[in-house]
Amino acid sequence: VESDDWLDPDFYRVLLAQLLDNNADMAASCVKRVYQNGEQLYPYSDQKVYTPDEAMETVITGTGFTVMACNKLYKRKLVTSNPFPEGHIHEDDYVMYKIIADCERLTFCRDVFYHYRQRRHGTIGSGLSCRFEDKYDSYFRNADFVQMHFPQLLWMMKRLLCQYTTNDYTELFMRNDSNSLEMKKRLRNWRKSVRFTADELNRMSRQDRKLIIRSRWLYGYCGYLAVLRKFGGNCFKLFE
């Protein structure tokens with residue numbers, strides 16, 4: 001738990017009860033993101049008990065479990081067999097996929113027990129390239145892990161990688177910072193390494209395929225956003 005975040009007093013009591021009542025290996029609670037001007041609930045799920053496959057899908061789609069380590073209670077063996085790596089900034093990302101895969105049953109609590117204060121500077125905003133490299137190293141390691149242990153979810157994981165690269169490239173593009181040129185180049189290369197089969201594309205919704213197109217042409221897409229920001233209105237329809 002980071003120094004400016006806080007837990008609800010009932011966190012351990014309720015999650016322990018959920019573990020015991022459902023014979024589960026891990027229990028997670030909802031998280032409330034706390035901003036200077038408001039709050040946001042994240043994530044939220046009505047489902048109470050999950051298999052590892054179901055939980056992993058919610059991690060990838062952002063509909064339940066997350067890679068956050070601090071809003072969960074675990075059986076000790078899960079953590080001792082999957083230790084957090086030293087020397088990494090995004091240590092949660094490196095272990096949570098493995099921990100979920102090692103569970104037999106997982107349980108999700110609808111109560112909000114973790115309050116996560118949002119700082120102004122993020123992974124990109126901090127300007128630290130080491131954070132940036134660490135972030136994408138963990139992402140692609142997790143993609144390899146999903147391909148090996150949850151192959152039916154690989155297309156979702158690759159779609160998520162496209163979403164990450166698009167969001168981060170857009171932030172760098174809008175900053176127009178000369179120091180970010182190398183990071184933008186790396187993002188384009190990382191995105192090009194993600195390839196989809198025809199079958200994977202056929203599984204996707206129309207909105208998903210639009211995301212893939214936008215992420216494939218990052219510079220052009222961000223140029224379109226810059227025009228919209230400057231002139232306003234719907235100047236183009238292609239990338240809506």
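Conventions adopted
Residues numbered from 1 in each chain as written. Predicted model: local features only at pLDDT ≥ 70, side-chain atom pairs only at ≥ 80, totals over all residues. Heavy atoms only, no water. Helix = DSSP H or I, 4+ residues; strand = E, 2+ residues; numbered from the N terminus. Buried < 20%, exposed > 50% of the residue type's maximum accessible area, 1.4 Å probe, protein only. Contact = heavy atoms within 4.5 Å. Areas by Shrake-Rupley, 256 points an atom, 1.4 Å probe, with all protein chains shown as cover. Pairing = 2+ DSSP bridges. Axes fitted to C-alpha atoms, helices over the stretch in contact; angles between N-to-C directions. Parallel < 35°, antiparallel > 145°, perpendicular 65-115°, else oblique. Left-handed = near helix turned anticlockwise from the far one by under 90°. Nonpolar A, V, L, I, M, F, W, Y, C, P; charged D, E, K, R; others polar. Core = buried A, V, L, I, M, F, W, Y, C linked by side-chain atoms within 4.5 Å.

**Student:** What am I meant to see in the overall build of the protein chain here?
**Tutor:** In terms of helices and strands, the protein chain carries 10 helices and 6 strands. Within the span of the protein chain, comprising 240 residues, buried residues form 45% of the whole. Look at the contacts in the protein chain between residues 6 or more apart in sequence, and 74% of them connect residues 24 or more apart. When the accessible surface of the protein chain is split by element, carbon and sulfur atoms take 49% of a total near 13,400 Å².

**Student:** In this structure, what is going on with the pairing of strand β6 (residues 106-117)? I would like to understand it.
**Tutor:** Taken residue by residue, a regular strand's side chains alternate between the two faces of the sheet. Pairing geometry for strand β1 (residues 6-7) and β6, over 2 bridges, is antiparallel. Paired with L7 across the strands is Y114, a residue of β6. Pairing analysis gives 9 bridges linking strand β2 (residues 26-35) to β6, with the strands arranged parallel. If you follow M26 over to β6, its bridge partner there is L106. When strand β4 (residues 49-50) meets β6, the two strands line up antiparallel, connected through 2 bridges. In the strand pairing of β6, Y50 is matched with L106.

**Student:** Would you mind going over the packing of helix α6 (residues 154-175) against helix α9 (residues 206-216) with me for this structure?
**Tutor:** The relative placement of two packed helices comes down to the angle between their axes together with the axis-to-axis distance. Between α6 and α9, the shortest axis-to-axis distance is 9 Å and the interhelical angle comes to 50°. Relative to α9, the element α6 lies oblique. Once α6 is placed against α9, the crossing between them reads as left-handed. Here W155, R159, C162, Q163, T165 and T166 of α6 lie close against α9, whose contacting residues are D208, L211, I212 and S215. Split into classes, the residues belonging to the contact of α6 with α9 amount to 4 nonpolar, 4 polar and 2 charged.

**Student:** Just to check I follow, could you spell out the environment of A28 for this structure?
**Tutor:** Along the chain, A28 turns up in strand β2. Residue classification places A28 among the buried residues on the basis of a relative accessible area of 1%. Once residues lying within four places of it in the same chain are set aside, the contact partners of A28 are L15, F65, N71, K72, T107, F108 and C109.

**Student:** Is there a simple way to think about the nonpolar core in this case?
**Tutor:** Soluble globular proteins: nonpolar side chains tend toward being buried together. M26, I60, F65, Y97, I100 and L106 are the most contacted members of the largest nonpolar core, which has 50 residues in total. Every element with two or more residues in this core is listed here: β2, α2 (52-61), α4 (91-102), β6, α5 (129-149), α6, α7 (181-192) and α10 (218-231). Take this core: its biggest share by element is 9 residues, from α6.

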